Amino acid sequence: MEALASRRSTRVYTPRSRTPRSPTGSPTPARMASSSPPVAGTSWTAEHVMAVGRDSTDRLVEQPADTPGRYATVFSMRAGEAIAFVGIVDVCVLQGTATVYEQCVGARWQRVYSPTSHPLASIRAISDDKESGEADDGEIDAIRALWAQRAGGVVVVVRTVQCGLESLGRVSPHADVFKLRPLAQRLRAQGGAEDSDVEAEVRLNAVLGMPGFAPVLYVTTDLQLLRVPTDWTQVLERSAQAPVQLNAAFAQVPPVYVVAGAQGLGKSTFARLLTNQLVSRFGRAFHMEADLGQSEFAAPGALTLNLLDSAVCGPPFAHVGQREPYHAVYLGAVTPKNDPDRYAAGVAQLARAYHEYPAGDRVVPLVVNTQGWVRGLGLDLLYTLCEHVRPTHYVQIHDMQGDGQPLLDFDALESCDPQVTLVSAVGGDLAAGRGQRLAAPELRTLALLSHLYQAESTSVSGIGGMQHIERPVWASHVALAARRPLAVPLSDLIVWLGDEDVAASQLPRALNGTLAGLVCVARAPGASAHEWSDAEIRGLRNDSGLGDQAAAELSEQGARILLRSQAKDLSIPHVVYGHPNLRSTTFTTHVLVRSIDVSAGVAYLVLPPIASALLDRVIGLVKGPGAGAFGIEVPAWAMVDGGYRERAMGASAAANRRPRRLARAAKRQKFVEQADETNVGIQEAPYLSVEVDEGVGAATMRSHGGQMRRALQQP
């Protein structure tokens, strides 16, 4: 591979139309009645398969292939073969080389999430010319011993996983994404199917399928298959092999990648694949999320800087809220358009935290995923980001209609001379079918539901002092209203209201039932940041709660602070009309304010598992803007959980089956008629209104895009 030059060079990969093709060695799909036949997702010959289960002594043993409820499946693959699937599994390789999400898998378990809402993952065999290494798990050694007398090839083990995320569909229909519909149903929208095709996928699932693992024989138009374009592969290979640059003092310069482009072009997917490559090469890598609406490792509404030491194989909602950020800034909105100055200041602070990271002799690269707003003010913010981050590599993803030119002119930026690379967008090889792509609001809802319904896990590790949940679990069967909250004295909290003008007497009403940002004392060391010791953190509080001086030190300069001593009420929190100090505080996670007991001076908070180990550093909450200002809110599906979801969905379905006249009458009477003719009052659901206001100005005005009324149009 060519060495990366220190001076800026431009390598433009001209996008061209590509026809998705089957993997090497795949059988030709049978001709369908539809004009657009599905793409083959699996190219595999069932030569050697072994089912693994447990006996009465909980020992791993070989089972007949048709045994239901198997624990794991072992199979061999030829180089070039691939198996696409839907589900959640642990994958390891006993012999040879195989990849998942373009990440090499060895003799250790790799958790893989492959939902239908995103491009499907594939287990792809690369070569069978070497051992996969020593196993770090006793189960892998036991499975290898069971397979010892069988043929070689690329030997893959798939273990079933029941983590609770597959049941998130009981909370919201958008979250039911780990179930694969039968092929006959999927092909019905394409004009029909041949019996041989349906039977082939049934046989494939009978041989390999098990709970949580459904192989996909044909990628129909309601699914997508993750196919990495050629120019993406070239960039990923160079990132894994190119030598590290040296500065004038002959010191190593860590690679800094900025991934830019418009919305919907695959920036997040490319940034995830690139981060995995850099983690495999350097052992550690930073990931900076600058897209408020589609965050990778945190729920929407925050700028985050995360330190990773392991690959990520799955969409964002599968690993949201499972890592303590190295440093983060909470804005509470899905776009920076209402507060671009705060956004720019947050990006500058994250860049400063990365450049001051005490890496020693270790090379720790950085990948920055930017927002899709690349015009007007959004382009100015992209310039500001590059000015602070100082990238060594700038990768821009563009569509077929683009002019093939970079968005930025780096000659206008000082000390910023990256290597510029342009690659094709999702419209190339990434999506083999149209797929059931969810809209941005639905993806945010999916991420928030995954975040809110996480349960306590015992598999917690740390990297660089940051907590990380390795094996997360979800408990969607436990409603949010049924979860035990944490009682926090209001006197131990600071409440930052940002630009919101809320009277202190109305603060409990403003916070009740909302999502807020949990703020902790920053622990990220750096030359410009104060490293708080445990004694100093304990010294922030006295017998009556958080001190006045702490509220002033932990808030930004110029903020208006209503201290408890001024209010003459020691049971209320410090109220700050402004934002937290960017250097001395950090956002950690989202919390649900279950309720506030004013008389007792206690706030009841529903905390995610990652916050359990950070309670000694918690100092306050940040209230984001409301929904009218693109703020983050509790998803409506979470409000109707606990039995209300079924009633509300059944009510909506029954109302849609009735004539419009009867449906309006049902809304006025606040009841609907279900299939069993029983009336269910859905007004029981808390914080949920199904009434329709009437009168002038009661409903939202519909924009007609500048069209004039017929009477005003010129003849």
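Residues numbered from 1 in each chain as written. Predicted model: local features only at pLDDT ≥ 70, side-chain atom pairs only at ≥ 80, totals over all residues. Heavy atoms only, no water.

### Notes on the nonpolar core
Rules: Within this scheme, the nonpolar core is defined by two criteria: the residues are buried Ala, Val, Leu, Ile, Met, Phe, Trp, Tyr or Cys, and they are joined through side-chain atoms within 4.5 Å. A 1.4 Å probe rolled over the protein chains alone gives each residue an accessible area, and that area as a share of the maximum for its type sets the label: buried under 20%, exposed over 50%, partly exposed in between. The contact criterion used is simple: two residues touch if any of their non-hydrogen atoms lie within 4.5 Å.
One finds Phe75, Met77, Val112, Ile123, Val156, Phe213 and Phe270 to be the most contacted residues of the largest nonpolar core, which totals 53 residues. Ignoring any residue separated from it by four or fewer positions in sequence, one finds valine 112 in contact with Phe85, Gly87, Ile88, Val89, Val91, Val100, Tyr101, Ala121 and Cys313. Counting residues in hydrophobic clusters, the runner-up holds 39 residues, among them Val258, Phe286, Tyr326 and Tyr354.

### Some thoughts on the layout of surface pockets
To find leftover empty space, one rolls a probe the size of a water molecule over the atoms. Keep this limit in mind: Cavities and pockets are found on a 1 Å grid laid over the protein atoms alone: a cavity is a set of points where a 1.4 Å probe fits but cannot escape, a pocket is an open set with protein on both sides within 12 Å along at least five of seven lines, and a lining residue has an atom within 4 Å of such a point. Grid points are joined across faces, edges and corners, and a volume is the space filled by probe spheres set on the points. Strands here are runs of E lasting at least two residues and helices are runs of H or I lasting at least four, both read from the DSSP assignment and numbered beginning at the N terminus.
The computed volume of the second largest pocket comes to approximately 1000 Å³. Taken together, 41 residues line the second largest pocket, and the ones lying closest to its centre are Gly264, Ser268, Asp291, Gln294 and Leu443. For the lining of the second largest pocket, the elements supplying multiple residues, two or more each, are α5 (267-282) and α8 (440-452).

### Here's the deal with the packing of helix α4 (residues 230-241) against α5
For clarity, the threshold we go by: To obtain each axis, a line is fitted to C-alpha atoms, and for helices this fit is confined to the stretch in contact; angles are then taken between N-to-C directions over 0 to 180 degrees. Should an angle lie under 35 degrees it is considered roughly parallel, over 145 roughly antiparallel, and from 65 to 115 roughly perpendicular; all remaining angles are considered oblique. For a crossing to be left-handed, the near helix must be turned anticlockwise from the far one by less than a right angle; the clockwise case is right-handed. Residues are sorted three ways: Asp, Glu, Lys and Arg are charged, Ala, Val, Leu, Ile, Met, Phe, Trp, Tyr, Cys and Pro are nonpolar, and all the rest, Gly among them, are polar.
Running from N to C, α4 and α5 cross one another at 25°; their axes reach a closest spacing of 9 Å. One element, α4, and the other, α5, form an angle in the roughly parallel class. The chirality of how α4 crosses α5 is right-handed. Residues Trp232, Val235, Leu236, Ser239, Ala240 and Gln241 of α4 form the contact with α5, whose own contacting residues are Thr269, Phe270, Leu273, Leu274, Gln277, Leu278 and Arg281. Here the residues of the contact of α4 with α5 sort into eight nonpolar, four polar and one charged.

### Things to note about the side chain of glutamate 289
Put simply, the rule is: Neither His nor the chain ends is counted toward charge; the positive residues are Lys and Arg and the negative residues Asp and Glu. Salt bridges, as used here, are contacts in which a Lys or Arg side-chain nitrogen is within 4 Å of a carboxyl oxygen on Asp or Glu. As used in this structure description, the phrase polar contact means that two N or O atoms lie within 3.5 Å; if the pair is within protein, one of them must be able to donate a hydrogen and the other to accept it, and residues adjacent in sequence are counted only when both atoms belong to side chains.
Counting through the fold element by element, glutamate 289 comes out in strand β16 (residues 285-289). An unpaired buried charge is present at glutamate 289: no salt bridge exists, and arginine 272, the closest side chain of opposite charge, is 8.0 Å distant. Within the structure, the side chain of glutamate 289 is placed 3.2 Å from the backbone nitrogen of glutamate 296, a separation counted as a polar contact. Filtering out sequence-adjacent residues up to four positions away, glutamate 289 remains in contact with Gln294, Ser295, Glu296, Ala302, Leu303, Thr304 and Asn369.

### Quick word on the environment of threonine 42
Structurally, the position occupied by threonine 42 is in the loop between β2 (39-40) and β3 (49-54). Taking C-alpha positions, threonine 42 is 5.5 Å from alanine 82, a pair spaced 40 residues apart along the chain.

### Some points on the sheet that holds strand β28 (residues 515-521)
As a reminder, the rule being used: For two strands to count as paired, DSSP must find a minimum of two bridges between them.
Judged by pairing direction, the sheet is mixed, and its eight strands sit side by side in the order β26-β34-β33-β28-β35-β27-β32-β31 without closing on themselves. The two strands at the open ends of the sheet, each matched to only one other strand, are β26 (486-489) and β31 (560-562). Taking each pair of neighbouring strands and ignoring which way they run, the sheet shows an average axis angle of 35°.

By themselves, these figures tell us nothing about what the structure is for.
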